[in-house]
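Given next are the chains, with one letter for each unit.
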Amino acid sequence: MTSAIATYDLCKTYPVVERPWWKPGKPLRAAPAVDGLSLRIPAGQVTGLLGLNGAGKTTTIRMLATLLRPTSGRATVDDLDLVKDAREVRRRINMIAGGERMVYARLTARENLWYFGQLYDVPKAQLKARIAELLALVGLEHATDQRVERYSKGMRQRLSIARGLINRPAYLLLDEPTLGLDAPIARDLRAVVAELARDGVGVLLTSHYLAEVEQLCADIFVIAAGRLVARGTPAELTALAERRHTVEVTLAAPVDDVDHAVGTLAMRTGAQLTTGVDDELRPRYTLRHSADLAGELATTIVTAGGAITRLEVTPPTLEDAVIALADAAPEPSVVGS
Amino acid sequence: MRHALRVIGAEAFKQHRRIFGGPLVVFSMLIWPVLQLATTYYTMLPLLETPGIGQRWPVAAEPVRLLAFLAAGAFAYMFYFSLVQSAWHFSFERISGTMELLFLSPASRFALVLANGTGALVQNTWLAGCFAVAAASASGSLHVAHPGMYAVAALALVIPAVVWGTFLNSLLLFSRDSAFLYTLLDDPLWFVAGVRLPLFAMPFAIKAIGLAFPLTSSLAVLRGALLDAESLSGVAGPLGLLGILCLLLVAGTAALLRIGEARAQRTGSMQLY
């Protein structure tokens, strides 16, 4: 048995305009949201799914949660077919989405968890202890018997996280789980997610907080327009952001030899060179390259007789990579294993 | 089966915490029906003076019997309408965002809608049920052929009502535009099911429409068994029709759940509201 969620050429097309019920037939128009996606989310690891808005992240997660049916392609959870074995798949997965709507406001935290424990058929002998354990995990022990309608947004989201763990899912689908959470609570959640992965849970995470993804994910899939455009570790993906190492140097005064030397350096290394002046009309050189050229640039300028007044290096980020990849052609660019 | 029972218990508990003792329930399920009953009774009371009405409609010969007839109608109607209300409430789960959590879980969908209807029925009607039993006992208006007919009447009311509620839940759960049913199944149902008037007084078309609703046959059994001392064979007709309607409604529920969930999975409408 393969301990993983796997998708094979997964596609989802929403019928955008449907015929009225008295005119049965195919939808009049369709928009592909996910287009031939093949992913692997192994157990015991946090896997990231990144992309800009509308890339198809939520649709993918909702398909894996069995809330949406793929138009074509296939997905399995531990070799169970997502469509044919949906009921058994649902026992093994759970989903937590951002926002605080996913609990019952008129029930207390304990009652909410008890209710969902019943729906997931958590053994009676374990349910009470499981509820106490989860409430402690999300820091709601002090408000267990308070109606959720009295909770703050953060408390509701924490309860929603506890709900998502009630069935000890083998795979957890996290769709923007820290959306709207305060920094300390988001940090605690990241610790919980990391701990779950260490305990063998397979986690699929989408988030707009890329630092969060960088910190947690061993493997990241980047999608654009529903298609896979890159895959790799955070470092591998960051390296894909070509010419994103930015070195900016400001000189005390213009020197002709420096102009020539920096131009030669840019040509030799293939860096992108931009020249200009700052607010005080002092010459400024900006070099963009996949490698950090700060040292080489400084040496070149000083050797050519220039006096550096300011030097700033901006390393590439995962965000640069995601934006660059999303902007690029939709042909898959797979790196890493 | 064991899991389904746990789902039913959990859903009933949720209903209890959400609606038990709420002013809406007290007003819509007790005070409002009692006021409607009083209005109907005092509207019809002058008709008792009509010469010869007792021959055409024996119930109208005595005010107590007329009141018992109308009260039985109001009580049975309340059972059914409580389920319309419950289904309407259930459809709000789509808006509150909890509906997809139900469908994310491995719980039996049928058990969920069944439990929601059953839970609502108990929560909504226990108060009026106690009131009705006390009123019927005190007024001495009950005429029962055999003690077993109490059970027949109770089952003929409760089982079809639960099945009706299950069907409505499955209908409203997947449809964003079925709120009109709340209105359609209020006064029009009261009329076509013979809550206020005996079915024989209705035109054929209304009678035919009325017989398509289980409330009509439930009422016929309830009144026959508890007010007219009918035996089991005397209410066999409406009981048989109730059985057929229940089977159709169960089949309809199963189909609606299957079609509704498949459609929601195809269109992504589970999160739309």
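Residues numbered from 1 in each chain as written. Chains lettered and ligands numbered in written order. Predicted model: local features only at pLDDT ≥ 70, side-chain atom pairs only at ≥ 80, totals over all residues.

**As for the overall build of chain A**
- Helix and strand content of chain A: 11 helices and 16 strands.
- Sorting the 337 residues of chain A into buried and exposed places 45% on the buried side. (Helix = DSSP H or I, 4+ residues; strand = E, 2+ residues; numbered from the N terminus. Buried ≥ 20, exposed ≤ 12 C-beta atoms within 10 Å, placed from the backbone.)

**What about the overall build of chain B?**
- The number of helices and strands found in chain B is 12 helices and 0 strands.
- Taken from N to C terminus, the helices and strands of chain B fall in the order α-α-α-α-α-α-α-α-α-α-α-α.
- The C-alpha radius of gyration computed for chain B amounts to 19 Å, which stays within 12% of the reference 19 Å derived for 273 residues, consistent with globular compactness.
- For chain B, the spread of C-alpha atoms along the principal axes amounts to about 65 × 35 × 35 Å.
- The buried share of chain B, reckoned over its 273 residues, is 43%.
- Of all intrachain contacts in chain B linking residues separated by at least 6 positions in sequence, the fraction that spans at least 24 positions is 81%. (Rg over C-alpha atoms; globule rule 2.2 N^0.38 Å. Contact = placed C-beta atoms within 7 Å.)

**Quick notes on the pairing of strand β5 (residues 72-77) of chain A**
Residues and elements named next belong to chain A.
- Both β5 and strand β6 (residues 80-81) contribute to a ladder of 2 bridges, which runs antiparallel. In the strand pairing of β6, V77 is matched with L80.
- With antiparallel pairing between neighbouring strands as the criterion, β5 and β6 make up a hairpin whose turn holds 2 residues, including D78 at a positive phi of roughly 50°. (Pairing = 2+ DSSP bridges.)

**Re helix α10 (residues 294-303) of chain A**
Residues and elements named next belong to chain A.
- Along α10, the residues that are buried comprise L297, T300 and I301. Projected down its long axis, α10 carries its buried residues within an arc of 95°, all on one side. Exposed and facing more than 90 degrees away from the buried side of α10 are G295, T299 and T303. (Arc of directions from axis to C-beta.)

**Remarks on the sheet that holds strand β14 (residues 283-289) of chain A**
Residue and element names in this part refer to chain A.
- Strand order across the open sheet formed by 4 strands is β13-β14-β12-β15, with antiparallel pairing between neighbours. The two strands at the open ends of the sheet, each matched to only one other strand, are β13 (272-277) and β15 (308-314). Each strand of the sheet is rotated relative to its neighbour by a mean of 15°, with strand direction disregarded.
- Summarising the sheet, strand β12 (residues 245-251) and β14 pair through 6 bridges and their orientation is antiparallel. (Axes fitted to C-alpha atoms, helices over the stretch in contact; angles between N-to-C directions.)

**A closer look at the interface of chain B and chain A**
- Chain B puts 24 residues into the contact, and the matching count from chain A is 21 residues.
- Of all the elements, helix α1 (residues 2-19) of chain B adds the most residues to the side of chain B that touches chain A, at 9 residues.
- Residues belonging to the side of chain B that touches chain A are distributed by class as follows: 9 nonpolar, 9 polar and 6 charged. (Nonpolar A, V, L, I, M, F, W, Y, C, P; charged D, E, K, R; others polar.)

**Quick word on the domain arrangement of chain A**
- Here chain A is partitioned into domain 1 (4-239) and domain 2 (242-315).
- Distance between the C-alpha centres of domain 1 of chain A and domain 2 of chain A: 46 Å. (Domains from an automatic or database assignment.)

**Some words on the environment of A:D320**
Residues and elements named next belong to chain A.
- As for its placement among the helices and strands, D320 is situated in helix α11 (residues 318-327).
- On the basis of neighbour count, D320 is assigned to the buried category, with 21 C-beta atoms found within 10 Å.
- Remark: the alpha-carbon pair of D320 and L237, spanning 83 residues in sequence, is separated by 9.5 Å.

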